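Observations on the model geometry
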Amino acid sequence: MADTVLYDLTEGLATITLNRPDAMNALDHETKEALRDALRTAADAEDVRAVLLTANGRAFCVGQDLKEHVGALRERGGNALTTVHDHYNPITLAIAGMAKPVVAAVNGVAAGAGAGFALAADYRLMADTAAFNTSFAGVALTADSGMSWTLPRLIGTARATELLLFPRNVKAPEALELGLTNQVVAADELAAEAEAVARRLASGPTVAYAALKESLAYGASHSLAETLEKEAALQVLAGGSADHALAVRAFVDKEQPRYTGR
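Residues numbered from 1 in each chain as written. Predicted model: local features only at pLDDT ≥ 70, side-chain atom pairs only at ≥ 80, totals over all residues. Heavy atoms only, no water.

With that settled, consider the pairing of strand β5 (residues 102-106). In terms of residue burial, β5 counts as a mostly covered element, since 5 of its 5 residues are buried. Sheet topology places strand β3 (residues 50-55) next to β5; 3 bridges connect them, and they run parallel. The partner of Leu53 across the bridge, within β5, is Ala104. Relative to strand β7 (residues 123-127), β5 is paired through 4 bridges, and the arrangement is parallel. Paired with Val106 across the two strands is Met126, which belongs to β7. (Buried < 20%, exposed > 50% of the residue type's maximum accessible area, 1.4 Å probe, protein only. Helix = DSSP H or I, 4+ residues; strand = E, 2+ residues; numbered from the N terminus. Pairing = 2+ DSSP bridges.)

This next bit is on helix α5 (residues 147-155). In an α-helix there are 3.6 residues to a turn, and that puts residues three or four apart on one side. Those residues of α5 that fall on the buried side of the exposure criterion are Met147, Thr150, Leu151 and Ile155. Buried residues along α5 cover an arc of 95° about the axis, so they all sit on one side. Where α5 is buried, its residues touch α4 (113-120), α6 (157-165) and α7 (172-178). One or two positions beyond α5, positive phi appears at Gly156, with a value near 95°. (Arc of directions from axis to C-beta. Contact = heavy atoms within 4.5 Å.)

Here the focus is the sheet that holds β5. For sheets, the rule is that strands pair by backbone hydrogen bonds, running either parallel or antiparallel. The strand order across the open sheet formed by 6 strands is β1-β2-β3-β5-β7-β10, and the pairing between neighbours is mixed. Either end of the sheet is taken by a strand with one partner, and the two such strands are β1 (5-10) and β10 (183-185). Within this sheet the neighbouring strands show an average axis-to-axis angle of 20°, counted without direction. In terms of strand pairing, β1 meets strand β2 (residues 13-18) through 6 bridges, oriented antiparallel. Pairing of Val5 across the sheet is with Leu18, part of β2. (Axes fitted to C-alpha atoms, helices over the stretch in contact; angles between N-to-C directions.)

Using the criterion set out here, one finds 1 cavity of 30 Å³ or more in the structure. In this model, the largest cavity occupies a volume close to 80 Å³. Tallied by class, the residues present in the lining of the largest cavity amount to 9 nonpolar, 2 polar and 1 charged. (1 Å grid on protein atoms, 1.4 Å probe; cavity = no way out; pocket = protein on both sides within 12 Å on 5 of 7 lines; lining within 4 Å. Points joined across faces, edges and corners; volume = space filled by probe spheres on them. Nonpolar A, V, L, I, M, F, W, Y, C, P; charged D, E, K, R; others polar.)

Attention now moves to the pattern of salt bridges. Tallied over the full model, the rule gives 8 salt bridges. One salt bridge connects Glu174 with Arg168, and the closest N-O pair in it is separated by 2.7 Å. On the basis of relative accessible area, Glu174 is assigned to the partly exposed category, the value being 27%. Taking the relative accessible area as the measure of exposure, Arg168 reaches 32% and is therefore partly exposed. The salt bridge involving Glu195 is made with Arg199; its shortest N-O contact spans 2.9 Å. (Salt bridge = Lys/Arg side-chain N within 4 Å of Asp/Glu carboxyl O.)

Locating Thr17 in the fold gives a position in strand β2. Since its relative accessible area comes to 10%, Thr17 is described here as buried. Residues Thr17 and Leu35, spaced 18 residues apart in sequence, show a C-alpha to C-alpha distance of 8.7 Å. Dropping the residues within four chain positions of it, Thr17 is found in contact with Thr4, Val5, Leu6, Thr54, Ala55 and Asn56.

This is the structure in structure tokens:
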């Protein structure tokens with residue numbers, strides 16, 4: 001795996017760290033491929049029960065590396081944007097679709113695709129010095145990295161349209177008020193707090209978490225009747241898990257369950 005993305009697995013928690021601090025974690029070709037591959041590795045690994053997506057330096061991720069992009073435009077014109085299909089789409093789907101929870105720790109500005117990846121996570125923590133910026137219209141582009149799907153679901157269509165048409169830095173207090181983040185913490189406490197949240201999820205009922213993610217995604221585009229049927233099927237799956245049996249036994253015995261992730 002490239003040095004631009006770091007991967008660590010400890011006690012069921014896979015920590016994936018963007019590591020181009022001098023470039024504000026801008027997404028060049030190497031970084032995009034490494035991030036996509038790291039997320040797929042975490043999604044497929046049986047010993048990974050949760051993922052923490054974070055970054056080194058003063059930014060979370062400022063999106064596409066525009067210096068590299070200039071050269072690609074000269075060579076390929078609009079075809080340079082096949083990176084959306086090749087990289088951004090699979091990255092976003094890996095985050096949102098993996099059968100385990102993903103926590104994003106937004107340590108600094110998250111712009112463009114960087115914001116999109118954070119919004120695709122299941123839970124977001126944000127430093128009090130950080131900000132979100134859609135940025136796309138500012139460089140004459142449309143939304144990608146799933147933002148036209150995630151953003152209106154988080155904050156409503158009207159606000160999402162506004163932020164996409166008029167990109168600006170949405171600082172931490174406003175981001176919390178709008179619903180772009182679940183928590184705002186002091187910058188020097190972000191790493192510890194994000195790890196604590198992610199480790200709590202990594203020690204939880206992984207099968208149930210996967211079912212919850214699938215149910216929420218399904219319900220976003222299906223009728224109530226269809227969603228009820230999906231919930232019923234997923235409840236059978238979760239109810240047959242070893243962790244459910246363990247949890248019921250622990251409840252009866254008035255003990256705290258120690259989940260296995262199975």
